[in-house]
Amino acid sequence: GPGPGPGSGSGSGRDASAKARPALATTAGGEEAVAGEPSVCTSASAPPPAPPARRRTLLYRGLCLLLLLAQGGLLDFYLIVFTDLYWCSWIATDLVVTAGWLVLFVKRGGPGAAGGRFAFAYLAWLIYVIACTPKVVLILQTSILDLIELQVPLGTTGFKMVVMSTVPLLYTLLNSVSQDSGCCAASQRAQHYYSRTCLDLLDSFTLMELLLAGQIPGALLKYTVTAVYLLSFSIPVLWLYELNSLQLDYKCVVFRFLSSAAVNAPLLAVRCFLVFIYDQQVSVFLFKNVFWLCCDCAEVLERCCLVRRVHRYSSPPGHFTQCVSDNEMCSHGYVNTLAVAVQS
């Protein structure tokens, strides 16, 4: 038969070269994978969860609402009994927060749900923090806490249990909006953030216990301890927003850094004041603050280099596809994968 035409050899060579050139998939962890590898996609067009996963999600949503109503109701009880403020305003606030969380669950479970894996979760936690923070501050900064110790069963121990119910509430919220059993890299990243938040809450709560026992000297330190506790209480808003972000940019890097450094830096300052100025014992949490700050500084440098590299090789700037390759399904994986084609 006739041989190949003059341009067929170069054309087939270009096709072979195009097929042989792999596309890079740059993850937020700084790893690179071939775009042709099998991946697990978590986009909105994914098939609905299996019935067992659906039942699991409904169970966590029920527990979430139950904890939310229980904590809000007990805080309302403390305020209504020991203050002359209008009781209906506190109850109305709880009803608004509960209605907002119900809207979140309906949007997450309805057909055609849009957004990322943790869409609307940061908004839910934000309205919860806005509603709950004034109650806690009012109890801590007034004589209500002394009245609770004298007249309420369990006293301040019961109040501490009510405040620390934030930890299981955050856990149930994460499992309420995530429709998998935790094997995905997104859920693993969320559990990593959750564990760090629990440590920060425990750290700040030990300082709050010293404050309630009268062992924190100076008005400035007392206000700082209260402010840091409330900050650690509200910091999940940042990392929930960062988990839901669909872009790899410097704003995402800053949010990730602030979600830890904004808590550990003031906690470290308070611990140093107590140890070096007021001669109190060194706490193990001081070393925890130093360790996490060092890790955060190293991570933010790594992320900035990654963003710079991604912007250099992507034209136009890439967006996350929220797909994770099989090689990234590990404890260090991250849900957002950015497919960047290598330009010749």
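All of these numbers come straight from a predicted model, not from anything done at the bench.

## Concerning the packing of helix α5 (residues 144-151) against helix α6 (residues 155-164)
The N-to-C vectors of α5 and α6 enclose an angle of 115°; their axes lie 6 Å apart at closest approach. The residues of α6 that touch α5, namely those facing Leu145, Ile148 and Glu149, are Gly155, Thr156 and Phe159. Across the contact of α5 with α6, the residue classes tally to three nonpolar, two polar and one charged.

## What to know about the packing of helix α4 (residues 121-140) against helix α10 (residues 236-244)
α10 packs onto α4 with a crossing angle of 165° between their chain directions and a minimal axis gap of 8 Å. In terms of their interaxial angle, α4 and α10 are classed as roughly antiparallel. Handedness of the α4/α10 crossing: left-handed. Across the interface between the two elements, Ala121, Tyr122, Trp125 and Leu126 from α4 touch Pro236, Val237, Leu240, Tyr241 and Asn244 from α10.

## Quick word on α10
For α10, a buried count of seven out of nine residues is recorded, marking the element as mostly surrounded by other parts of the structure. Along α10, the residues classified as buried are Pro236, Val237, Trp239, Leu240, Glu242, Leu243 and Asn244.

## Comments concerning the confidence of the model for the protein
Looking at the protein as a whole, its pLDDT mean stands at 73, while 67% of the residues score no less than 70. Mean pLDDT across the elements of the protein ranges from a minimum in strand β5 (residues 337-340), with 39, to a maximum in helix α7 (residues 166-177), with 90. pLDDT under 50 marks residues 1-47. Its contacts with residues more than four places away, or in other chains, come to 70 contacts. Counting interchain partners and residues more than four positions distant, the pLDDT-below-50 stretch residues 317-344 has 94 contacts.

## Things to note about the packing of aromatic side chains
Under the defined criterion, the tally for this structure stands at 13 aromatic pairs. Aromatic pair Tyr171 and Tyr194: ring centres 5.6 Å apart, planes at 50°, arrangement tilted. Placement of the pair is Tyr171 in helix α7 and Tyr194 in helix α8 (residues 185-212), with a sequence separation of 23 residues. Between Tyr193 and Trp239 the ring centres are 5.4 Å apart and the planes differ by 20°, which places this aromatic pair in the stacked class. Taken together, the positions of Tyr193 in helix α8 and Trp239 in helix α10 put the pair 46 residues apart, joining distant regions of the chain. Under the relative-accessibility criterion, Trp239 is labelled buried at 1%. Each member of the aromatic cluster is reached from another via a ring pair, and the members are Trp101, Trp125, Tyr128, Phe205, Tyr229 and Phe233.

## Quick word on the environment of Cys297
Along the chain, the position of Cys297 falls in helix α12 (residues 284-313). The spacing of Cys297 and Ala261 is 36 residues in sequence and 8.7 Å in space, taken between C-alpha atoms.

## Describing the nonpolar core
In this structure, Trp101, Trp125, Tyr128, Ile139 and Trp239 are the most contacted members of the largest nonpolar core, which totals 60 residues. Counting residues per element, this core draws most heavily on α4, which supplies eleven residues. Setting aside residues up to four positions removed in sequence, Trp101 forms contacts with Cys64, Leu65, Leu68, Ala124, Trp125, Ile127, Tyr128, Leu169 and Leu173. Within the second largest apolar cluster, five residues are counted, among which are Leu268, Val275, Leu286 and Leu293.

## A look at the pattern of salt bridges
Per the stated rule, a full pass over the model turns up eight salt bridges. A salt bridge links Asp296 to Arg196, with the nearest nitrogen and oxygen atoms 3.2 Å apart. Of this pair, Asp296 sits in helix α12 while Arg196 sits in helix α8; the two residues are 100 residues apart in sequence, bridging distant segments of the chain. One exposure class covers both Asp296 and Arg196, and it is buried. In this structure, Arg271 and Asp203 form a salt bridge, with 2.6 Å as the shortest nitrogen-oxygen distance. Taken together, the residues span a long stretch of sequence, with Arg271 in helix α11 (residues 250-277) and Asp203 in helix α8 at a distance of 68 residues. Side by side, Arg271 and Asp203 carry an identical accessibility label, which is buried. Several salt bridges share partner residues, and in doing so they unite Asp200, Asp203, Arg271 and Lys288 into one network.

## Quick word on the side chain of Thr98
Locating Thr98 in the fold gives a position in helix α3 (residues 87-109). Within the structure, Thr98 has its side chain in polar contact with the backbone oxygen of Asp94 (distance 2.9 Å). Excluding residues that lie within four positions of it along the chain, Thr98 makes contacts with Leu65, Leu68 and Leu69.

## Quick word on a nonpolar patch on the surface
Taken together, the side chains of Ile80, Trp87, Ile91 and Leu95 define a hydrophobic patch exposed on the protein surface, amounting to about 380 Å² of accessible area. Residue contributions to the nonpolar patch peak at three residues, all from α3. Secondary-structure assignment places Leu95 in helix α3.

Cut-offs applied
What you see as residue numbers is a count from 1 along each chain, following the sequence as written. With pLDDT at 70 or above as the cut-off, local features in this predicted model cover only qualifying residues; side-chain atom pairs require 80 or more to be listed or tallied, and sums for whole chains, interfaces and linings still use all residues. Excluding hydrogens and water, the side-chain figures rest on all heavy atoms present in the structure. Axis angles are defined between N-to-C directions and span 0 to 180 degrees, where every axis is a line fitted to C-alpha atoms and, for a helix, only to the segment in contact. The helix and strand labels rest on DSSP assignments: H or I over at least four residues marks a helix, E over at least two residues marks a strand, and numbering proceeds from the N terminus. Any two residues having at least one pair of non-hydrogen atoms within 4.5 Å are treated as being in contact. All residues other than Ala, Val, Leu, Ile, Met, Phe, Trp, Tyr, Cys, Pro, Asp, Glu, Lys and Arg, Gly among them, are scored as polar; the first ten of these are nonpolar and the last four charged. Here roughly perpendicular refers to angles of 65 to 115 degrees, roughly parallel to angles under 35, roughly antiparallel to angles over 145, and oblique to all remaining angles. If you view the pair so one helix is near and one far, a crossing is left-handed when the near helix is turned anticlockwise from the far one by less than a right angle, and right-handed when it is turned clockwise. Three labels apply to residues, based on accessible area from a 1.4 Å probe with only protein chains included: buried if under 20% of the type maximum, exposed if over 50%, partly exposed otherwise in between. Per residue, pLDDT captures the predictor's confidence, and it can take any value from 0 to 100. Working definition: rings of Phe, Tyr and Trp (its six-membered ring) pair if their centres are within 6.5 Å, and the pair is stacked with planes under 30 degrees apart, edge-to-face with planes over 60 apart, and tilted otherwise. Think of a nonpolar core as a cluster: buried Ala, Val, Leu, Ile, Met, Phe, Trp, Tyr and Cys residues, connected wherever their side-chain atoms sit within 4.5 Å. Salt bridge, as used here: a side-chain nitrogen of Lys or Arg that lies within 4 Å of a carboxyl oxygen of Asp or Glu. Between N or O atoms, a polar contact is any pair within 3.5 Å; within protein, one atom must be a potential hydrogen donor and the other a potential acceptor, and residues adjacent in sequence are included only when both atoms are from side chains. Patches here are clusters of residues that have more than 30% relative accessible area and form no salt bridge, with a 9 Å joining cutoff for like charges and a 5 Å cutoff for nonpolar side chains (Val, Leu, Ile, Met, Phe, Trp, Tyr). To measure how exposed things are, a 1.4 Å probe is used in the Shrake-Rupley method; for residues, cover is taken only from the protein chains shown.

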